[in-house]
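The chain contents come next:
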Amino acid sequence: MKINWGWSLAIAMGLFMVFILTYVFKVQSDSTYDHEMVVEDYYKQEIGFQKEIDKKQNAENLAEKVSVTVTEQGVEIQFPSSFTPENIKGKISLYRPSSQKLDFDKSISISTSNLLIPKSELAGGRWDISIDWTYEGIEYLNKETIYL
């Protein structure tokens with residue numbers, strides 16, 4: 001049987017389809033490829049979006065804003081000095097976009113207006129920091145992106 005251009009084209013397309021399907025099945029079934037979501041409770045967080053906007057606006061309205069700086073020791077978070085540090089409560093969420101396994105939360109419990117997150121707790125690269133805190137019943141939210 002002589003193979004003409006029609007048969008050659010059909011064989012080439014068939015081989016290409018087999019290659020693509022093999023690749024898709026391999027990626028979906030192999031545990032070394034990570035299929036993690038950005039956040040686990042996405043829909044639950046979406047419901048509280050207006051509250052998050054209000055918290056951000058409260059933080060913007062402050063005369064002295066929260067600052068996040070990278071130092072030799074780690075990441076230093078400076079709260080307003082006019083606030084009593086013992087009355088500042090909340091949590092700091094550190095989110096690593098490249099790996100969900102490195103994400104962690106830290107509760108705010110300070111005696112000075114500074115909070116230091118040691119560099120030993122943070123891997124190099126990009127970190128998204130979310131500071132969700134309250135002071136005298138008013139809720140605030142600050143979000144920053146840093147690079148180590």
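Structure shown above.
Here is what the cut-offs are and how they apply
Residues numbered from 1 in each chain as written. Predicted model: local features only at pLDDT ≥ 70, side-chain atom pairs only at ≥ 80, totals over all residues. Heavy atoms only, no water. Helix = DSSP H or I, 4+ residues; strand = E, 2+ residues; numbered from the N terminus. Rg over C-alpha atoms; globule rule 2.2 N^0.38 Å. Contact = heavy atoms within 4.5 Å. Patch = residues over 30% accessible without salt bridge, like charges linked within 9 Å, V, L, I, M, F, W, Y side chains within 5 Å. Areas by Shrake-Rupley, 256 points an atom, 1.4 Å probe, with all protein chains shown as cover. Salt bridge = Lys/Arg side-chain N within 4 Å of Asp/Glu carboxyl O. Phe/Tyr/Trp six-rings, centres within 6.5 Å; stacked < 30°, edge-to-face > 60°. Buried < 20%, exposed > 50% of the residue type's maximum accessible area, 1.4 Å probe, protein only. Polar contact = N/O pair within 3.5 Å; in protein donor to acceptor, adjacent residues only side chain to side chain. Pairing = 2+ DSSP bridges. Axes fitted to C-alpha atoms, helices over the stretch in contact; angles between N-to-C directions.

Chemist: Quick rundown of the overall build of the protein? Include the residues and the values.
Modeler: Along the backbone of the protein there are three helices and seven strands. Beginning at the N terminus, the succession of helices and strands in the protein can be written as α-α-α-β-β-β-β-β-β-β. Relative to the compact-globule value of 15 Å for 148 residues, the protein shows a C-alpha radius of gyration of 25 Å, a clear excess of over 25%. Across its three principal directions, the C-alpha atoms of the protein cover 90 × 35 × 25 Å. Long-range contacts, defined here as pairs at least 24 residues apart, represent 59% of the contacts in the protein between residues at least 6 apart.

Chemist: Can you tell me about a nonpolar patch on the surface, naming the residues and giving the values?
Modeler: On the surface, Phe16, Phe19, Ile20, Tyr23 and Val24 cluster together into a nonpolar patch covering about 530 Å² of accessible area. Relative to the helices and strands, tyrosine 23 is located in helix α1 (residues 5-29).

Chemist: Please give an account of the packing of aromatic side chains that cites residues and values.
Modeler: Under the defined criterion, the tally for this structure stands at six aromatic pairs. The interplanar angle of 0° and the centroid separation of 4.1 Å between the aromatic rings of phenylalanine 83 and tyrosine 135 together place this pair among those described as stacked. One end of the pair, phenylalanine 83, is in the loop between β2 (74-78) and β3 (88-95); the other, tyrosine 135, is in strand β6 (residues 126-135), and 52 residues separate them in sequence. Exposure remark for phenylalanine 83: the relative accessible area of 14% places this residue in the buried category. For tyrosine 135, a relative accessible area of 8% gives the class buried.

Chemist: Outline the environment of glutamate 136, listing residues and values.
Modeler: Structurally, glutamate 136 is set in the loop between β6 and β7 (138-147). A distance of 3.5 Å separates the side chain of glutamate 136 from the side chain of tyrosine 135, its partner in a polar contact.

Chemist: Summarise the sheet that holds β7; cite the residues concerned and give the values.
Modeler: Strand order across the open sheet formed by four strands is β4-β3-β6-β7, with antiparallel pairing between neighbours. Pairing within the sheet leaves two strands with one partner each, and these edge strands are β4 (104-108) and β7. Neighbour to neighbour, the strand axes of the sheet diverge by 15° on average, direction disregarded. As paired strands, β3 and β6 are joined by eight bridges and run antiparallel to one another. The partner of serine 93 across the bridge, within β6, is serine 130. Helix α3 (residues 49-60) rests against β6 and β7 of the sheet, and its axis sits at about 85° to β7.

Chemist: Give a description of the pattern of salt bridges that names residues and reports values.
Modeler: Working definition: two side chains of opposite charge can pair if their charged atoms are close together. Under the defined criterion, the tally for this structure stands at seven salt bridges. Arginine 126 is the salt-bridge partner of aspartate 128, the closest N and O atoms lying 3.2 Å from each other. Connected through salt bridges with shared partners, the residues Glu52, Lys56 and Lys143 form a single ionic network.

Chemist: Residue-level account of the sheet that holds β2, with values.
Modeler: Sheet strands pair by backbone hydrogen bonding; their relative direction is either parallel or antiparallel. A sheet is described by the order of its strands in space; here three strands give the open sequence β1-β2-β5, paired in antiparallel fashion. A single partner strand is all that each edge strand has here, and the edge strands are β1 (67-70) and β5 (114-118). For this sheet, the mean angle separating the axes of adjacent strands, direction not counted, is 20°.

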